[in-house]
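Geometric and topological summary
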Amino acid sequence: MNPTRAEIDFAKLAFNVGQIKKHIHSEYPKRKIKICGVVKANAYGHGIEEISKKLVELGVDFLGVANYDEAIRLRRLIPDTPILVFGTLIHSKLEPAKYVSILHQHNLTATVASVGTAKFLDKYSRKFRRKFKVHIKVDTGMRRIGLDYKGAFRSIMQIAALKNLELEGIFMHFAESENRNRSFSRLQLKRFKMLLADLKKAGLEFPIVHAANSGAVADMKESYFNMVRPGLLLYGYNPGSNSKSRIELKPVMNLKSKVTFIKRIDKGESVSYGRMYTAKKPVFVGSVPIGYGDGYWRLLTNRSKVLINEKFYPQIGAVTMDWIMIELGSRYSIKIGDDVLLMGQDSGLTIGADMLAEICGTIPYEMLCAVADRVERVYLDN
Ligand SMILES: Cc1ncc(COP(=O)(O)O)c(C=O)c1O
């Protein structure tokens, strides 16, 4: 009913997955490198269930989510694909046995970022026949979660002695892999590789080792190991305008609405709250029912443009909660009901999440995640 919607194009998602695979393969033609598709935060605003289903069809090996709620929701739909939960476990004091049994039941793969978590999982996994699969997270410089690389060797040896865990994987996360200056990323990788070498000497090797997020997939083949974890690339954007090699991608989401009202205003008349735009001459103004309540940032006020029938028009006056206004000029050919592209790509013309992010002083991730729940996601599959 509401003309404002986010069109999610599976053909573009498939294109991006293909591009990522091609890129990885061109770097290491002989190595089998798994892909963990990152679908946390509602698949960066694209819809976690629909995107995950499609990614599994497209041959993605793992799905990565931020927390156990996302994982449990997803498991109902995706019976087999491993789901790795990047976040920490809550050491529930209420009913820990029940809590861990729910995680077992949903066949989830946990991130272990502390010896405490490992012991907790181990203790409550005793009664299960299957060991609990875990990936150990090492903090090599992100300083978010993980075993500090300095003491990680000892902690990991302690964890390895626990009987009810299967140490399937080990991983790290980059703090600035999108930066053309790779010195910090190289340092992080060096710390990780030294730890892996020490563990190997002690007889401990992990079946799955991973580090590369989108920036590193694009630019740091030495960080691939045998799995990569792209998020943003899947959705059609390269992280950071700063990165060196860019993969050709297609934005999966087109945020769209329709022109629903047109009027003429006189020279000197203002538009919208705070009167931040005043007409220099008589102009026609179109109103489009999208605003910051839909995730179209108020910071875009007077600074963005929209696309209608393959032509760009400036957005004018303050972005309101439910509406924006656009300047159509002194004559216009568009009609009520014509489609308006706010973010995405149409007929080869782009209003990228990265372009809008730059105007707002943020990153494309946030522009995508900001698209509100009230915006209907429409899936195109052809
Ligand atoms: C642990 C982890 N891996 C991978 C990613 C994917 O990052 P990107 O979207 O930059 O590829 C994220 C997202 O921030 C993450 O938290």
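Just so it is clear, the model here is predicted, and its values are computed rather than measured. Just so you know, the residues in each chain are numbered from 1, in the order the chain's sequence is written. Since the coordinates come from a predicted model, pLDDT governs what is reported: local features require at least 70, and pairs of side-chain atoms require 80 or more to be given and counted, while whole-chain, interface and lining totals use all residues. Only heavy atoms go into the side-chain values, all of them from the structure, while hydrogens and water stay out.

**A look at the site of the ligand**
Taken together, 13 residues form the shell around the ligand, and within it Tyr44, Ser214, Arg229, Gly231 and Tyr365 come nearest. Here a polar contact means two N or O atoms within 3.5 Å. Within protein one must be a hydrogen donor candidate and the other an acceptor candidate, and residues neighboring in sequence count only if both atoms are side-chain atoms. Between the ligand and Ser214 there is a distance of 2.5 Å, counted from an oxygen atom to a side-chain nitrogen or oxygen. One of the backbone N or O atoms of Leu232 is found 2.8 Å from an oxygen atom in the ligand. Under the convention used here, a 1.4 Å probe and the Shrake-Rupley method define accessible areas, while residue burial counts only the protein chains that appear. Relative to its unbound accessible surface of 390 Å², the ligand loses 93% to contact with the protein. Amino acid classes used here: Ala, Val, Leu, Ile, Met, Phe, Trp, Tyr, Cys and Pro are nonpolar; Asp, Glu, Lys and Arg are charged; the rest, including Gly, are polar. In terms of residue class, the shell around the ligand is built from six nonpolar, four polar and three charged. One heavy atom suffices: a residue is near a molecule or strand as soon as one of its heavy atoms comes within 4 Å of it.

**As for unusual backbone geometry**
We note that Phe225 has phi near 50°; this positive angle belongs to a residue other than glycine. Strands are runs of DSSP state E lasting at least two residues, helices are runs of H or I lasting at least four, and both sets are numbered from the N terminus onward. With respect to the secondary-structure elements, Phe225 resides in the loop between helix H9 (214-219) and strand E10 (227-228). For the exposure calls, accessible area comes from a 1.4 Å probe over protein chains only, and a residue counts as buried if that area is under 20% of its type's maximum, exposed if over 50%, partly exposed in between. Judged by relative accessible area, which is 16%, Phe225 ranks as buried. Backbone geometry places Asn302, a non-glycine residue, at a positive phi of 65°. Along the chain, Asn302 falls in the loop between strand E15 (283-288) and strand E16 (305-308). Using a relative accessible area of 33% as the deciding quantity, one classes Asn302 as partly exposed.

**Notes on the environment of Glu168**
Structurally, Glu168 can be placed in strand E8 (residues 165-171). Not counting chain neighbours up to four residues away, the residues in contact with Glu168 comprise Phe62, Thr109, Lys133, Val134, His135, Phe206, Pro207 and Ile208. A polar side-chain atom of Glu168 sits 2.6 Å from a polar atom in the side chain of His135. Note on contacts: a residue pair is in contact if any heavy atoms of the two residues lie within 4.5 Å.

**Here's the deal with the packing of aromatic side chains**
Two rings from Phe, Tyr or Trp (for Trp, the six-membered ring) form a pair when their centres are within 6.5 Å of each other. A pair whose planes differ by under 30 degrees is stacked, one over 60 is edge-to-face, and the rest are tilted. As enumerated under the stated definition, the model contains eight aromatic pairs in all. Judged by centre distance (5.5 Å) and plane angle (20°), the rings of Phe10 and Tyr379 are stacked. Taken together, the positions of Phe10 in helix H1 (residues 10-27) and Tyr379 in strand E21 (residues 376-380) put the pair 369 residues apart, joining distant regions of the chain. Judged by relative accessible area, Phe10 falls into the buried class, the value being 9%. A ring pair is formed by Phe192 and Phe225, whose centres lie 5.5 Å apart and whose planes are at 90°; its orientation type is edge-to-face. Taken together, the positions of Phe192 in helix H8 (residues 183-201) and Phe225 in the loop between H9 and E10 put the pair 33 residues apart, joining distant regions of the chain. Residue Phe192 is classed as buried on the basis of its relative accessible area, which comes to 0%. Each residue in the set Tyr44, Tyr235 and Tyr365 is aromatic and connected to the rest through ring pairs, giving one cluster. Placement of a charge over a ring requires the Lys NZ or Arg CZ to be within 6 Å of the ring centre, with the centre-to-atom vector within 35 degrees of the ring normal. The ring of Phe15 carries Lys250 above its face, with NZ or CZ at 4.2 Å from the centroid.

**Here we look at the pairing of strand E11 (residues 253-258)**
For E11, the buried fraction is high: five of the six residues fall into the buried class. Where strand E1 (residues 5-9) meets E11, four bridges bridge the pair, whose relative direction is antiparallel. Pairing of Arg5 across the sheet is with Lys256, part of E11. Looking at chain direction, E11 and strand E19 (residues 339-346) are connected through four bridges and run antiparallel. Looking at the pairing, Lys256 lines up with Leu341 of E19. For two strands to pair, DSSP has to find at least two bridges joining them.

**Here's the deal with helix H4 (residues 68-75)**
Burial within H4 is extensive, with six of its eight residues counted as buried. Regarding H4, the residues found buried are Tyr68, Glu70, Ala71, Ile72, Leu74 and Arg75. Those residues of H4 hidden inside the fold are in contact with helix H2 (40-44), helix H3 (48-57), strand E3 (62-65), strand E4 (83-85), helix H5 (96-105) and strand E5 (109-112). For H4, the capping residue at the N-terminal end is Asn67, with a side-chain oxygen 3.1 Å from the backbone nitrogen of Asp69.

**Points about the nonpolar core**
As a rule of thumb, soluble globular proteins bury nonpolar side chains together. Val39, Ile136, Ile156, Ile159 and Ile170 are the most contacted members of the largest nonpolar core, which has 115 residues in total. Split by domain, this core shows at least three residues from each of two domains, domain 1 (32-235) and domain 2 (253-380). Beyond its immediate stretch of four places on either side in the chain, Ile170 contacts Ile136, Val138, Ile156, Phe192, Leu196, Leu199, Phe206, Ile208, Val209 and His210. Joining through side-chain atoms within 4.5 Å is the link that ties buried Ala, Val, Leu, Ile, Met, Phe, Trp, Tyr and Cys residues into a set, and such a set is a nonpolar core. In this structure, Tyr277, Val283, Val285 and Met325 belong to the second largest nonpolar core, which totals eight residues. Note that the domain bounds reflect an automated or database-derived domain assignment.

**Examining the environment of Gly169**
Relative to the elements of secondary structure, Gly169 occurs in strand E8. Since its relative accessible area comes to 0%, Gly169 is described here as buried. In the structure, Gly169 is positioned 41 residues away from His210 in sequence and 7.8 Å away in space, judged by C-alpha atoms.

**Focus: the domain arrangement of the protein chain**
Domain annotation of the protein chain identifies domain 1 (32-235) and domain 2 (253-380). Each of domain 1 and domain 2 has a C-alpha centre, and these two points are 39 Å apart. Across the boundary between the two partners, domain 1 contributes eight residues, which contact seven residues of domain 2. Approximately 780 Å² of surface area, both sides summed, lies buried where domain 1 meets domain 2, with 67% of it carried by carbon and sulfur atoms. Together, Tyr44, His46 and Leu232 form the three largest contributors to the area buried by domain 1 at its contact with domain 2, with a combined 58%. Take a side-chain nitrogen of Lys or Arg and a carboxyl oxygen of Asp or Glu: if they are within 4 Å of each other, that pair is a salt bridge. On the surface where domain 1 and domain 2 come into contact, there are zero salt bridges. Our count for the contact surface shared by domain 1 and domain 2 stands at three residue pairs in polar contact (both at pLDDT 80 or more). Taken together, the residues that form the side of domain 1 that touches domain 2 break down as four nonpolar, three polar and one charged. Note: buried area is the sum, over both parts, of the accessible area (probe 1.4 Å) each one loses when the two are combined.

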